[in-house]
Amino acid sequence: MDCIFCKIISGEIPAAKIYEDENTLAFLDASPNNHGHTLVVPKTHAKNILDVSEDALARMMPAVKKVSKAVFEGMGAAGLNITMNNEPPAGQVIFHLHIHIIPRFHGDGLKVWTRKIPYKSGEMEEVAEKIRAVLHTLIF
Ligand code: ZN
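Residues numbered from 1 in each chain as written. Predicted model: local features only at pLDDT ≥ 70, side-chain atom pairs only at ≥ 80, totals over all residues. Heavy atoms only, no water.

Go over the coordination of the zinc ion, please, and point to the residues and values.
Listed as protein donors to the zinc ion are C3 (SG), C6 (SG), H45 (ND1) and H96 (ND1); their distances from the metal cover 2.0 to 2.3 Å. Counting residues between consecutive donors of the zinc ion along the chain gives the motif C-x2-C-x38-H-x50-H. Of this pair, C6 sits in helix 1 (residues 4-10) while H96 is found in the loop between strand 4 (79-83) and strand 5 (99-104), placing the two residues 90 residues apart along the sequence. (Donors = N, O, S within 2.8 Å, 3.2 Å for Na, K, Ca; no water. Helix = DSSP H or I, 4+ residues; strand = E, 2+ residues; numbered from the N terminus.)

If you want it as structure tokens, here you go:
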């Protein structure tokens with residue numbers, strides 16, 4: 001499989017590694033939104049949130065917590081954004097699941113949540129029902 005993150009995990013491609021455990025690797029994003037922008041990836045290939053097993057995702061989260069604290073304190077940040085882009089319309093470019101940890105600084109100019117699309121009357125309940133209808137079909 002031609003996956004750049006699998007190659008980083010195997011050591012075939014170098015990266016500025018931050019943290020590693022049995023299930024997870026964290027390394028600096030080579031095109032950072034802010035310095036210290038870190039990616040946390042599962043060592044077992046999964047495309048994104050739609051593809052990963054719940055167990056594999058759960059095994060990553062302690063690393064996300066640890067690395068977040070280290071990025072926050074190590075970079076002297078004032079905040080953090082934790083994001084995951086899933087599929088191209090959401091900005092996913094590398095198709096190996098990764099969680100972004102982005103340190104934030106007062107006035108750093110990075111724009112997220114740049115728009116709001118208000119619901120019309122009754123529309124919010126319709127939208128909630130569409131999502132709940134699928135959720136009820138899933139086996140947990
Ligand atoms: Zn991969």
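Now that the structure has been shown, we can carry on.
Go over the nonpolar core with me, naming the residues and quoting the values.
If you look at the biggest cluster of nonpolar residues, it comprises 13 residues, and the most contacted ones within it are V40 and I101. Taken together, the elements giving at least two residues each to this core come down to helix 2 (54-74) and strand 5. For this core, the element with the most residues is helix 2, which contributes 6 residues. (Core = buried A, V, L, I, M, F, W, Y, C linked by side-chain atoms within 4.5 Å. Buried < 20%, exposed > 50% of the residue type's maximum accessible area, 1.4 Å probe, protein only.)

Residue-level account of the layout of surface pockets, with values.
Roughly 390 Å³ of volume is contained in the largest pocket. T83, M84, N85, V112 and W113 are the residues nearest the centre of the largest pocket, which is lined by 15 residues in total. A total of 3 residues in the lining of the largest pocket trace back to one element, the largest contributor, which is strand 4. Its volume calculated, the second largest pocket comes out at about 320 Å³. Every residue lining the second largest pocket is counted, 20 residues in all, and those nearest its centre are F5, D29, A30, L39 and I94. Of all the elements in the fold, those that place two or more residues in the lining of the second largest pocket are helix 1 and strand 2 (24-28). (1 Å grid on protein atoms, 1.4 Å probe; cavity = no way out; pocket = protein on both sides within 12 Å on 5 of 7 lines; lining within 4 Å. Points joined across faces, edges and corners; volume = space filled by probe spheres on them.)

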